[in-house]
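A look at the structure
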Amino acid sequence: MTATELTAVPGPITSRPRPGPARLLGVSSLAHFLNDGVVFFVPVVGDLLSQDHHLSTVMVTAMLTVFYVTSAGFGVAVGLAADAIGRRGPMIAVGIATLGASLFGFYASLSLTGVPSDTLVLVAAAVAGVGSSFYHPLGGSVLQLGFPESSRGRALGINGAAGSLGRALYPALFFVIAAIGISRPATTVVFGALSLLAALAVAVGLPAEPIGPAGPRPTARTAVLAPAPGQPGGTAERTSAPGAEARVGTSSPSPAAPLRSLLSRSVVALMAISFFRSLAFIGIVSWIPIYLTTERHAGLSTGLGWTVTVMYAGGIVGQPLFGLLADRFDKRFVLALDSLGSALGIFLFLSTAGHGAAALVALAVFGLFTFSGFPLLMSLVADYVPRASSTTGNALVWGVGSTGGQALGPLAVSLLMGGSHAHLGLAFAVLGAVAAATVVGTPLLQRTERPARMALFG
């Protein structure tokens, strides 16, 4: 079936064209680009406030913590709402628009000084946290439901690369725009306005519900994932019989499973791994701009922007690569490899001096592994939860697990450095060890069958 053919669904006859997988992947990738561009711009705002407004380390830590805690706390609510009422596409657009609105709050905090600025930056961080809680559980669910199991990792990897591209470009573009004569506070307004316009494009381009790939599968197979001995929760059944996935998003969706039944041993273990990985990774990433400015003397300039961009750019290559590996190999092994590679990258960076070529290469290696978790985690979630509860499952692993770790990461660095930027290197080393230690949790994840390979677009 082509992208222009109609989808036959139960109920009233409709003439609405079936959105093709290319459109589904393209528009969701645009949303990921916008979401992660703004989200990973927040640490740069913290650096600007620290250097230009002499915002205290306590306030920078509070800003980052508010942002990540709000995102983690709101994510499960988003997942439950999406699985209950559907309309994942419009909800993604709401998240992008909320992130855009938060940039206007950051503009106000950068334009003022004193107590009003401190209050506004915390409010803006909370609004940004709410906005950032939408995309990952929703976008992951759209692709989990819209692509067959055999090509899900690659679709998630391509989509994740778009998010990495946003992370890589936004910090550099910020300094480029500021360098042509627009003030730094006004530059945040430019990005905020662009986010609002882009949210409209996402709302129009992304269907309310993904429609699964049509056409027969090579074999009719029903996989029932029974919990391991002592594992709580019910079974997670996934049917890959011919045409089964073509009914996703129709008028008769399967009811979502209760939240407690989703907490199998594998899901809980994956949440824990995600938590400690993110605590380590985001703790480092959040303080990298300040570390480069204060300890590596990069300065507040395009040089800092490009250095941070090199780190984020690693995920542009890493996400499709690890998505492909997730489709071909044991995902648990690939996840362990990703964690160890990220730890190696930060230790390589700490062994360099300044912000020259060696440091850039080390940051690129760090970014290659650090920003490649999206296709791995979302592929594993799809193996462990029912399709009807995909968004809630994503919210548990990405929202509570990953984003919860992000919430504590900046605070962990602040405690480890004891109020002195000179101790940031030591804090990064400790967190690198934490990231490497997460591999001990991978044997707790249930092994899943690798599906037969199929083309990405059917």
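This write-up is about the structure you can find in this document. If you're wondering where the values come from, they're calculated on a predicted model, not measured in any experiment.

Overview of the overall build of the protein
Check the secondary structure of the protein and you find 14 helices and 2 strands. Expressed as a percentage of its 458 residues, the buried residues of the protein come to 58%. Of the contacts formed within the protein by residues at least 6 apart in sequence, a portion of 83% connects residues at least 24 apart. When the accessible area of the protein is evaluated, it comes to approximately 16,600 Å², of which 70% is carbon and sulfur surface.

Describing the packing of aromatic side chains
According to the stated counting rule, one finds 7 aromatic pairs in the structure shown. Aromatic side chains Phe 74 and Phe 134 sit 6.1 Å apart centroid to centroid with 35° between the ring planes, which places their arrangement in the tilted category. Here Phe 74 is found in helix H3 (residues 57-85), whereas its partner Phe 134 is found in helix H5 (residues 115-146), with 60 residues between them in sequence. A relative accessible area of 35% places Phe 74 in the partly exposed class. Summarising the aromatic geometry, the rings of Tyr 291 and Phe 349 are spaced 5.9 Å apart at their centres and angled 70° between planes, so their arrangement reads as edge-to-face. You can see Tyr 291 sitting in helix H8 (residues 265-294) and its partner Phe 349 sitting in helix H10 (residues 331-350), a full 58 residues away along the chain. The two residues Tyr 291 and Phe 349 agree in class, both being buried. Aromatic rings pair up to connect Tyr 291, Phe 349 and Phe 428 into one cluster.

A short note on the nonpolar core
One finds Ile 92, Phe 106, Leu 270, Met 311, Phe 349 and Phe 428 to be the most contacted residues of the largest nonpolar core, which totals 109 residues. At 16 residues, the largest contribution of residues to this core is made by H8. Residue contacts for Leu 270: discarding those within four places in its chain leaves Leu 335, Leu 377, Leu 380, Val 381, Tyr 384, Val 397 and Leu 445.

Looking at the pattern of salt bridges
Scanning all chains against the criterion turns up 5 salt bridges. Between Asp 330 and Arg 332 there is a salt bridge, with its nearest N and O atoms 2.9 Å apart. With respect to class, Asp 330 is no different from Arg 332; both count as buried. It is possible to trace a salt-bridge network through shared partners that takes in Asp 330, Arg 332 and Arg 447.

What counts and how
- Residues numbered from 1 in each chain as written.
- Predicted model: local features only at pLDDT ≥ 70, side-chain atom pairs only at ≥ 80, totals over all residues.
- Heavy atoms only, no water.
- Helix = DSSP H or I, 4+ residues; strand = E, 2+ residues; numbered from the N terminus.
- Buried < 20%, exposed > 50% of the residue type's maximum accessible area, 1.4 Å probe, protein only.
- Contact = heavy atoms within 4.5 Å.
- Areas by Shrake-Rupley, 256 points an atom, 1.4 Å probe, with all protein chains shown as cover.
- Phe/Tyr/Trp six-rings, centres within 6.5 Å; stacked < 30°, edge-to-face > 60°.
- Core = buried A, V, L, I, M, F, W, Y, C linked by side-chain atoms within 4.5 Å.
- Salt bridge = Lys/Arg side-chain N within 4 Å of Asp/Glu carboxyl O.

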